[in-house]
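Here is what each chain is made of, one letter per residue.
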Amino acid sequence: MKIEFRKVPFTAKDFTSSLASVKLEGTFCKISPLLIKVDALLVGETTADCCRCGVEEHITIEEKLDFLLSDGIFNDTESEDLVIEVENHTINFDEIIESELSSLKSDYHICQECLQNNNSIEKEF
Ligand SMILES: [Zn+2]
């Protein structure tokens, strides 16, 4: 889903955007002419590789995602919020979902089997 920056209202608006097997849903609204606040939940399923044995496993995603969208370069270095800079004055939720998914996939992930092996090793000692 894409939306023009200037079309986003100052009052919170519901949105849902889905990509493959995940969807991002929540609300967004402008908090200044160049900033949009997004409160959303990323839910769905994806696959991640186990960092021990490399096996690919299905994982369920349920991630709270709160961030700001900046129309162009964001200069406030004091801000502690996650800020995503938007290009061409257009918000592309598909890209946001995609980048979030790839960061989830690159997270440290251990498959069920390795987890169980881990537990049984711990029990022996
Ligand atoms: Zn594994």
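Quick caveat, the model's predicted, so the values are computed rather than measured. (Residues numbered from 1 in each chain as written. Predicted model: local features only at pLDDT ≥ 70, side-chain atom pairs only at ≥ 80, totals over all residues. Heavy atoms only, no water.)

Bound to the zinc ion are the protein donor atoms Cys 50 (SG), Cys 53 (SG), Cys 111 (SG) and Cys 114 (SG), situated 2.3 Å from the metal. The site at the zinc ion holds four donor atoms, and with the angles between them running 106 to 112°, its shape is tetrahedral. Counting residues between consecutive donors of the zinc ion along the chain gives the motif C-x2-C-x57-C-x2-C. Of the two residues, Cys 50 is situated in the loop between β4 (35-49) and β5 (56-71) and Cys 114 in helix α2 (residues 112-124); the sequence distance between them amounts to 64 residues. Side by side, Cys 50 and Cys 114 carry an identical accessibility label, which is buried. (Donors = N, O, S within 2.8 Å, 3.2 Å for Na, K, Ca; no water. Tetrahedral: all angles 85-135°; square planar, octahedral: opposite > 155°, others 65-115°. Helix = DSSP H or I, 4+ residues; strand = E, 2+ residues; numbered from the N terminus. Buried < 20%, exposed > 50% of the residue type's maximum accessible area, 1.4 Å probe, protein only.)

Turning to the pairing of strand β2 (residues 13-19), a few remarks are in order. In the sheet, β2 pairs with strand β3 (residues 22-32) via seven bridges, with the strands oriented antiparallel. Bridge pairing in β3 links Ser 18 to Lys 23. Counted between consecutive antiparallel strands, the loop separating β2 from β3 contains two residues, among which Ala 20 sits at a positive phi close to 50°. (Pairing = 2+ DSSP bridges.)

What follows concerns the layout of surface pockets. The space that makes up the largest pocket amounts to roughly 280 Å³. The wall of the largest pocket is formed by 13 residues, among which Glu 85, Glu 87, Thr 90, Asn 92 and Glu 95 lie closest to the centre. Listed by contribution, the elements that provide at least two residues to the lining of the largest pocket are β6 (83-86), β7 (90-92) and α1 (93-105). Looking at the lining of the largest pocket residue by residue, the class counts come to five nonpolar, four polar and four charged. (1 Å grid on protein atoms, 1.4 Å probe; cavity = no way out; pocket = protein on both sides within 12 Å on 5 of 7 lines; lining within 4 Å. Points joined across faces, edges and corners; volume = space filled by probe spheres on them. Nonpolar A, V, L, I, M, F, W, Y, C, P; charged D, E, K, R; others polar.)

With that settled, the discussion passes to the sheet that holds β2. Pairing is mixed in the open sheet, where five strands are placed in the order β2-β3-β4-β5-β6. Bordering the open sheet on either side are β2 and β6, each of which pairs with just one other strand. Recorded for the sheet is a direction-independent mean angle of 35° between the axes of neighbouring strands. The sheet contacts of α1 involve β2, β3, β4, β5 and β6, and relative to β2 the element is tilted by about 60°. (Axes fitted to C-alpha atoms, helices over the stretch in contact; angles between N-to-C directions. Contact = heavy atoms within 4.5 Å.)

Now for the nonpolar core. In terms of nonpolar packing, the biggest core is built from 22 residues, with Leu 24, Phe 28, Ile 36, Val 38, Leu 69, Ile 91 and Phe 93 touching the most fellow members. If you list the elements that add at least two residues to this core, you get β3, β4, β5 and α1. With five residues, the top contributor of residues to this core is α1. Setting aside chain neighbours within four positions, we find Val 38 in contact with Phe 15, Thr 27, Phe 28, Leu 65, Asp 66, Phe 67 and Leu 69. (Core = buried A, V, L, I, M, F, W, Y, C linked by side-chain atoms within 4.5 Å.)

Further remarks concern the side chain of Lys 30. Relative to the helices and strands, Lys 30 is located in strand β3. Among buried Asp, Glu, Lys and Arg side chains, Lys 30 stands out as unpaired, with Asp 71 the closest opposite charge at 7.5 Å. For Lys 30, the side chain forms a polar contact with the main-chain oxygen of Arg 6, separated by 3.3 Å. (Lys, Arg positive; Asp, Glu negative; His and termini not counted. Salt bridge = Lys/Arg side-chain N within 4 Å of Asp/Glu carboxyl O. Polar contact = N/O pair within 3.5 Å; in protein donor to acceptor, adjacent residues only side chain to side chain.)

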